[in-house]
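The chain contents come next:
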Amino acid sequence: RLAATLAEVAWATQMGLQLRRVANCLRGPHSLRPGGAGLRAEAAARAEVVGSAAIVLACIAECCSWTNLITENNLFAVFEQALWAVLFVLIGGHTLRVVQSWPQRPTSYMIFAVIVLGMGLEQAFEAFGLYLPRYLADQAHGVRYEGFSSGLSRLASCANVSQDIHDWSSDAPWMTGYFSLGVWSSIWLAVAPLPPASNVLTAQASLSSG
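All values derive from a computational prediction rather than experimental measurement.

### Thoughts on the state of the cysteines
In step 1: Under the counting rule described, the total for this entry stands at zero disulfides.
In step 2: In this structure Cys 64 is not part of a disulfide, and its nearest cysteine sulfur, from Cys 63, lies 7.0 Å away.
In step 3: A relative accessible area of 11% means that Cys 64 is categorised as buried.

Put into structure tokens, the structure is as follows:
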């Protein structure tokens, strides 16, 4: 779980920083951009805010995840998945918006945005179709949740071992996407191309370095 926490925050950071980089490269009027590309300053600023917000949302989601693991209160799982759903929708939607100002945009950006939006819908279903019913069932049965110290002690041991697919069937769909599309998108983000910087930004960089 510790490794997954670091991986998920790193993945969200990749997505957020990539959105910020693309928006920053496309910032500027069409007349000053190679190939007639350009993104209004307001749109670029919004994309940069969303990029930063994605990292914050991921960190809060991980806090909810750990609270769920320690206490076994599925309400925190609902919060976690809902936060990831918002994160994915924001990243996917703003990526689609930003790359529209990049005429030579690679198709991979569009594919990435569609996948991320799809994952947002899946996370929303997971929050309200999977974990919320579990929480409501726990409430109906008067389940008492673990305390912090006892929950941590429980996490240090393996309570149940099962190779029965029925025990995993409800989680299999999101795990399949998580360990395939999620990982592949992270690899792509490490090598994804960026649009050429505008003449304005290039001139500003030259002045700064001088």
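### A short note on helix α1 (residues 2–26)
In step 1: For α1, with 25 residues, the first-to-last C-alpha span of 36 Å sits near the 36 Å given by 1.5 Å per residue.
In step 2: Residues Thr 5, Glu 8, Trp 11, Ala 12, Met 15, Gly 16, Gln 18, Leu 19, Val 22, Ala 23, Cys 25 and Leu 26 constitute the buried set of α1.

### A look at the packing of α1 against helix α4 (residues 107–140)
In step 1: Two elements in contact, α1 and α4, have axes separated by 14 Å at closest approach and are oriented at 135 degrees. By the angle class used here, α1 and α4 are oblique. The two elements α1 and α4 meet at a crossing, and its hand is left-handed. Touching Trp 11, Met 15, Gln 18 and Val 22 of α1 are Tyr 109, Phe 112, Val 116 and Met 119, all from α4.
In step 2: Grouping the constituent residues of the contact of α1 with α4 by class yields seven nonpolar, one polar and no charged.

### Comments concerning the packing of aromatic side chains
In step 1: One pass over the full model with this rule turns up seven aromatic pairs.
In step 2: Relative to Phe 88, the ring of Trp 11 lies with its centre 5.5 Å away and its plane at 55 degrees, an arrangement referred to as tilted. Placement of Trp 11 in helix α1 and of Phe 88 in helix α3 (residues 74–99) is noted, with a sequence separation of 77 residues between them. For the pair formed by Trp 11 and Phe 88, the shared burial category is buried.
In step 3: Where Tyr 109 meets Trp 188, the ring centres are 4.9 Å apart and the plane angle is 80 degrees; that geometry is what we call edge-to-face. Here Tyr 109 is found in helix α4, whereas its partner Trp 188 is found in helix α6 (residues 172–191), with 79 residues between them in sequence.
In step 4: In this structure Tyr 109 comes out as buried when scored by relative accessible area, which is 2%.

### So, the nonpolar core
In step 1: Ranked by internal contacts, the top residues of the largest apolar core, which has 30 residues, are Met 15, Leu 87, Phe 88, Ile 91 and Val 98.
In step 2: Contributing elements (two or more residues each) for this core: α1, α2 (41–71), α3, α4 and α6.
In step 3: Ranked by the residues each element gives to this core, the list is headed by α2, at eight residues.
In step 4: Once residues within four sequence positions are removed from consideration, Met 15 is found in contact with Leu 87, Phe 88, Ile 91, Phe 112, Val 116 and Leu 189.

Calculation notes
Residues numbered from 1 in each chain as written. Predicted model: local features only at pLDDT ≥ 70, side-chain atom pairs only at ≥ 80, totals over all residues. Heavy atoms only, no water. Disulfide = S-S within 2.5 Å. Buried < 20%, exposed > 50% of the residue type's maximum accessible area, 1.4 Å probe, protein only. Helix = DSSP H or I, 4+ residues; strand = E, 2+ residues; numbered from the N terminus. Expected span 1.5 Å × (residues − 1). Axes fitted to C-alpha atoms, helices over the stretch in contact; angles between N-to-C directions. Parallel < 35°, antiparallel > 145°, perpendicular 65-115°, else oblique. Left-handed = near helix turned anticlockwise from the far one by under 90°. Contact = heavy atoms within 4.5 Å. Nonpolar A, V, L, I, M, F, W, Y, C, P; charged D, E, K, R; others polar. Phe/Tyr/Trp six-rings, centres within 6.5 Å; stacked < 30°, edge-to-face > 60°. Core = buried A, V, L, I, M, F, W, Y, C linked by side-chain atoms within 4.5 Å.

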